[in-house]
Structures are given as C-alpha cells and as structure tokens.
Amino acid sequence: MIRNPTPEVKTTTRGVAPVDQQGPGPLRPGASDVFTLSIRFMPGVGPKRAEVFKRLGLATVADLLYHIPRRYEDRSRFVPIAQATPDLPQTIHGVVAATGVFRSKRGTLVFQLTLKDDTGAAQALWFNQPYLRTWFTLGQELILYGRPQRIGRKLQFHVPEFEVVTHDELDSLHMGRIVPIYPATSGLHQRAIRALVKQAVDRYAAAMPDPLPPAICQRAGVGPLAQALADIHFPPSDEARRRAEERLGFDELFLFQVAVAQKRHRFKTATGLAHQTDGPLVQGLRAALPFPLTASQQNTITEIFEDLGQPRPMHRLLHGDVGSGKTVVATLAACAAIQSGYQVAFMAPTEILAEQHAATLRALLAPVGIAPALLVGRLSDDERRPTVAGLARGTVPLVIGTHALLQESVAFHRLGLIIIDEQHKFGVTQRAALRAKGASPDVLVMTATPIPRTLALTLYGDLDVSAITELPPGRRPVATARVGTDRRAATYRLLAQAMDQGRQCYVVCPRIGKGTVPERGLSLFPADLFEPPADDLKAATKIFEYFRDQVFPRYRVGLLHGRLLDDEKERVMRAFVNGQIQLLVATQVIEVGIDVPNATVMLIEQADRFGLAQLHQ
C-alpha cells in the first residue's frame, strides 16, 4: 500500500475531458491571439460550455489566464487515516474496501464508500448521488479531500472531493499539490475550470505580451509575466505563489500609474480658461466676510487662483476637515469665475446637502449681489424651468444641485468652473458628463476624508492637492472617547443630558437588520444593560426599536438607513435638520449628506466594524 505517492504518481478525473495532446502548440511570445482566441475552440469546451464560462466573464484565452484563484488549498500532504483530525481540511490516500447505497431515515439515498490504508479506515458519504456506485471498484486507489467528522468510532467525510489514482495519465490538478480554488458559477465546477486553465497556461502563457520591459522588472525585483501566470494558478510552493502575486500586483499598480500620468499630462497640456482672480467680486466677498481667513485657507486660495489664472484646465482636490472652511474657499473661486464672465456649477451628493450649501452661499454672496440657484430632483417642472432657462441663456451665474445637473435638459451658456463636494460619491462617468457641458471648464473637488500623502499620489495622481490644515478660531476640537460596555449606562445618560439641553444626537450602527434583540424589558439606564456577544453586529432597526420603546421613550427617535426609499431618506434627514427628531439611529448612510450644527453627541456602535475614513466622516 502506498501511503504517500511519489511525484511520479499520475491521476485522472472523472467528468473532465482529458487535455488533447494533439491540439495547437504554444504561440510565439507577443502574439495577439490570446486576446481574440475564444475558449470555445479549446479541447473539451464547445459552444454550450463556452456560454457557461461567459457568465464568469471568461470569453478568451487571456480571460482564462487572468482568472485569478480566490484562494488555495494545500492538498500536498497526505495524512494517515488513523491520524486524521476531525473538522480540519486534510487529504487521505488509500484503496476502496467497500461501496454501497442505503436510504437514510429521512428517505435520502446515500452512497457510501470505505477507504483503507495501512493505519485504518474512513467512510465517505455522498447524498442523492447513487450513480456514484458505478464510478468506483474494489481495490481502486483513491485520494479524498475534505473535513472529516467523528461519528462514534467512525471517521466520515461528507461529500469530499476525490481523485482516482491511475499512474499512467496526466499529473493531477486537483490533489497532491497546492490546489487553486476559483470564482465559479452554477453548472461549472472547480475541476472543469482547473483543467481549462491548465491548458491555457501550458499553451498560451508565453504568448501574453509582457507590459513591463526587462529593465523595469529587474529594478522592481519581479519575475517575467509568463512565470507569474503559471505560478499564480498552479504554484509549486507558497513562495512561488507569493512571487506571482507580487508580480501581478506590481503590474496593476504600474499600469494604473501610467494611466494616471497620461491623464495628468492631458490636463496639463490642454487649452483651458484663464480667469481674472483679483476683480471686484473677489475683493467684495473678502471684505464682506464676517470672519478672518486662516493662514491655511489663504494658502489654498493662492494655489487655486494660480490655477484659475492659467490658460489650462484646473483639476484640483481641496481637502480639509469638517468645519475647516472649504466652502468659503470654493465660494471665492466661484467669484473669480463669475467675474470673468463664466458660470459655476456646484454639485453635492444629496438634496439636503445641496440645500444647505445653497443657504450658506446665499448668505455669503448676498453682499456682492449674487443669488445662487438651486436645482434638485424634488423640484416640480414649473420650479425647475426658470433655472434651466437661465442657465442656457447665461443669466444664472451659479447653480447648486445634485445629479439633476447631469440631465440632458440642463445646458450651460458658458460653464467655466465645476465644484464637486464629496467627489468620491460620484462616478467617473458622472463627473465627465458634467465637464462635457462646458468647454474645458476648471474642476475643483472637495472632501473631508483624511488622505495620506501616499494614498493621494496613488488614487489622485491626476489631481493637484490643496489641504486646509487648521480650523478657524473659536472652533472647539472634537472630543473622542472609546467607551467600554461597562459604561454603556453612563453613555446613555450623556445622550439624554444633551437632548434635555435642546441638543440632538446620532447613534450609528454597522448593519441595517438582523441584529441583536434585547432579551427582556429594560428600564432607562439600568445597571445590568443588555450587551450582545462580541461577534454579533448591532442592527440599526433593532437598536431603533429598543431605544424608542425602552431606553428613550420620552424622546423623538428616528431611523435612517440605505434601504429606505430616497423620498423617505430625505424626509427623515429633513426632520432631523429641522429639529423634529432628537435622536437619529442610522447606518453609515449619514457619512455624507447631513450637516446639523445642533447635533453635539455621536455614539458609534462597534466602531471596529467601520473604516478609518468612515469614522472620520
């Protein structure tokens, strides 16, 4: 009996067509066929199976080569049956000692196989697959992979993966090695995917054009593409897989940065608009501001005005913490464009935020005689018509809106500056659609999300970055504290105290539904507050009911999450802004789109479930 087959052991797989050794040979490196050759012409595929592969987005040989495994299973170590550990994935090897079909107590047909080696025996069970009895014969050499269970004295594998050892055919793709596990779909099993990927790797990996010159590969310390493609699918070792991941990851970063550099070059060399940055509107707004600008605001204004004064398109990111004064800086930029004879479009991700921006800009611009228009989806046709007509004629110099600005019916007479708040909430196509409404307009995007310098260079390499690094005088810093579960009662008292003083509060939860429900009725702020298990996510819907009915029954509690209809979201946010809701239970949907100065306390449940940028927002 062979307990640990040598590398020369050969295997075959039932249900998978063998590789046609007489098929087409490998293409010459640099050939383009890998990008056009359909997988339907590969041995063992055909038109019907090709349609199944298409559901995974796999149509060509190149698609197959870049169908990267989602994980790997190490099936290279065979465990003696007597030493198999229950509930851990492992591989065993032996001979078939018995087979049979029986009916379970529930009426399910079960095919049972007994596998023996020199140390003991194990059972393998497959449910509702009685046809498997024709697949195996006594004395057949077999490999099983799965998670065994100890049932009494018996060791059982439920529906394990298997492979028959034959010693005279192809090397195994599925056992005795580090095995790739791919994204799959119904009607397409892992074995079929592996067999086809193996064909693609053997015949066509060398034909994939390498985007990196050898000199760059050497400088970066990465290997050739063909080797990386082979090792990412069928790694001979963990180290080979790591090197393959490093090479393919480097390709993604390198090509992304090349694309960003090309985009940046196009912006820097394109012909744009030159604005007057020191005219009467800018001077008038500066003089009318009821507060002094910080040094950091002055620096960002200088950088933006330098761009606006040049005859090339501005593409700049304005980053600053909440309350740092980004809106004032953007308003001064808008004045520079308007006094130069151009229109300004200010786009925000939600209607409530657009309305808040409109109110702020009306107050700021009133001394210089500019009245911003508002264009959001909830407006009726009669309310929209004057603004749309004014934009087309050029009589509306500044419009503040949401996605409504992207509608085909909205045309600008002379769009010169686009300001986008929380730009990450808009897609690339949406931002491009707004730019297309003008002739090379300048673009200023704003965000309050903290961006490390390295991340800015990677994600926003096509943008110039300006940062407001200080808060205006009088702004109190936000006090942040981590509160343990033993202080939950005190935290609830803090919320109640704030609401008793006329303030409002947030409670943010990591999920919408299916969370923990309190097991018993609780009075307000008891000493033995219910606390769910650490691995149970707090749900906004359950916390809302809990707070409304048991903890804060005398306060007005609201609920906001992403599954609400847009109209309902707007209604809830508007009620909170207007003070009709004192305590808002929400998910991260409030990350963007709500600005309530009266809200002074925020409780974030299970903060470890959120990203750093989300917590900052």
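Residues numbered from 1 in each chain as written. Predicted model: local features only at pLDDT ≥ 70, side-chain atom pairs only at ≥ 80, totals over all residues. Heavy atoms only, no water.

## Examining the overall build of the chain
A tally of regular secondary structure across the chain gives 18 helices and 21 strands. Considering only contacts in the chain between residues 6 or more positions apart, those separated by 24 or more positions represent 74%. Accessible surface, the chain as shown: approximately 30800 Å² in total, 52% of it carbon and sulfur. (Helix = DSSP H or I, 4+ residues; strand = E, 2+ residues; numbered from the N terminus. Contact = heavy atoms within 4.5 Å. Areas by Shrake-Rupley, 256 points an atom, 1.4 Å probe, with all protein chains shown as cover.)

## What about the pattern of salt bridges?
Applying the stated criterion across every chain yields a total of 24 salt bridges. With a closest N to O distance of 2.8 Å, R316 and D307 form a salt bridge. Overall, R316 belongs to the buried group, its relative accessible area being 8%. Its salt-bridge partner being E570, residue R574 comes within 3.5 Å of it at the nearest N-O pair. Remark: E570 and R574 occur in helix α17 (residues 566-577); sequence separation between them is four residues, near one turn of the helix. Take R574: its relative accessible area is 24%, and that puts it in the partly exposed class. Salt bridges sharing common partners tie together E351, E355, R378, E570 and R574. (Salt bridge = Lys/Arg side-chain N within 4 Å of Asp/Glu carboxyl O. Buried < 20%, exposed > 50% of the residue type's maximum accessible area, 1.4 Å probe, protein only.)

## Observations regarding the sheet that holds strand β21 (residues 599-604)
Read across the open sheet, the four strands follow the order β19-β20-β18-β21; overall the sheet is parallel. Of all strands in the sheet, those bounded by a partner on one side alone are β19 (557-560) and β21. Each strand of the sheet is rotated relative to its neighbour by a mean of 20°, with strand direction disregarded. With four bridges connecting them, strand β18 (residues 504-508) and strand β20 (residues 583-586) associate as parallel partners. Residue V508 lies in a different strand from β20, and its bridge partner there is A586. (Pairing = 2+ DSSP bridges. Axes fitted to C-alpha atoms, helices over the stretch in contact; angles between N-to-C directions.)

## Points about the pairing of strand β3 (residues 90-103)
In the sheet, β3 pairs with strand β6 (residues 141-146) via six bridges, with the strands oriented antiparallel. Counterpart to V95 in the pairing with β6 is E141. With eight bridges joining them, β3 and strand β4 (residues 109-116) adopt antiparallel strand pairing. Along β4, the bridge assignment pairs F102 with V110.

## Looking at the sheet that holds strand β11 (residues 315-320)
Across the sheet, which stays open at both edges, the seven strands sit in the order β13-β14-β12-β15-β16-β11-β17 with parallel pairing between neighbours. The open sheet is flanked by β13 (373-375) and β17 (464-468), the only strands paired with a single partner. The mean angle between the axes of side-by-side strands here comes to 20°, regardless of whether they run parallel or antiparallel. Pairing analysis gives three bridges linking β13 to strand β14 (residues 398-401), with the strands arranged parallel. Opposite L374, over in β14, you have I400 as the bridge partner. Packed on one face of the sheet, helix α9 (residues 295-308) meets β11, β15 (415-421), β16 (442-447) and β17 and runs near 155° to β17. Across the sheet, helix α13 (residues 428-435) touches β11, β12 (343-347), β15 and β16, and the angle it forms with β15 is around 155°.

## Describing unusual backbone geometry
Despite not being glycine, D87 has its phi angle at roughly 70°, a positive value. With phi around 55°, N128 is a residue other than glycine that occupies positive phi space. Note on placement: N128 falls in the loop between β5 (121-127) and β6. Its relative accessible area of 54% is what places N128 among the exposed residues.

## Things to note about the packing of helix α6 (residues 225-233) against helix α7 (residues 238-269)
For the pair α6 and α7, interaxial distance at closest approach is 8 Å and the crossing angle is 125°. When the axis of α6 is compared with that of α7, the two are oblique. At the point where α6 passes α7, the crossing takes the left-handed sense. Each of L225, A228, L229, D231 and I232 in α6 lies in contact with α7, whose residues at this interface are A240, R241, A244, E245, R247, L248 and D251. Grouping the amino acids of the contact of α6 with α7 by side-chain chemistry returns seven nonpolar, no polar and five charged. (Parallel < 35°, antiparallel > 145°, perpendicular 65-115°, else oblique. Left-handed = near helix turned anticlockwise from the far one by under 90°. Nonpolar A, V, L, I, M, F, W, Y, C, P; charged D, E, K, R; others polar.)

## Section: helix α11 (residues 351-365)
Structurally, the α-helix is built with 3.6 residues per turn, so residues lying three or four positions apart point the same way. Across its 15 residues, α11 extends 21 Å between first and last C-alpha, which sits within 8% of the 21 Å expected from 1.5 Å per residue. Burial analysis of α11 places 11 of its 15 residues in the buried class, the great majority of the element. Those residues of α11 lying buried are E351, I352, L353, A354, E355, Q356, H357, A358, L361, L364 and L365. Put simply, T350 is the residue that caps the front of α11, since its side-chain oxygen is 3.2 Å from the backbone nitrogen of L353. (Expected span 1.5 Å × (residues − 1). Polar contact = N/O pair within 3.5 Å; in protein donor to acceptor, adjacent residues only side chain to side chain.)

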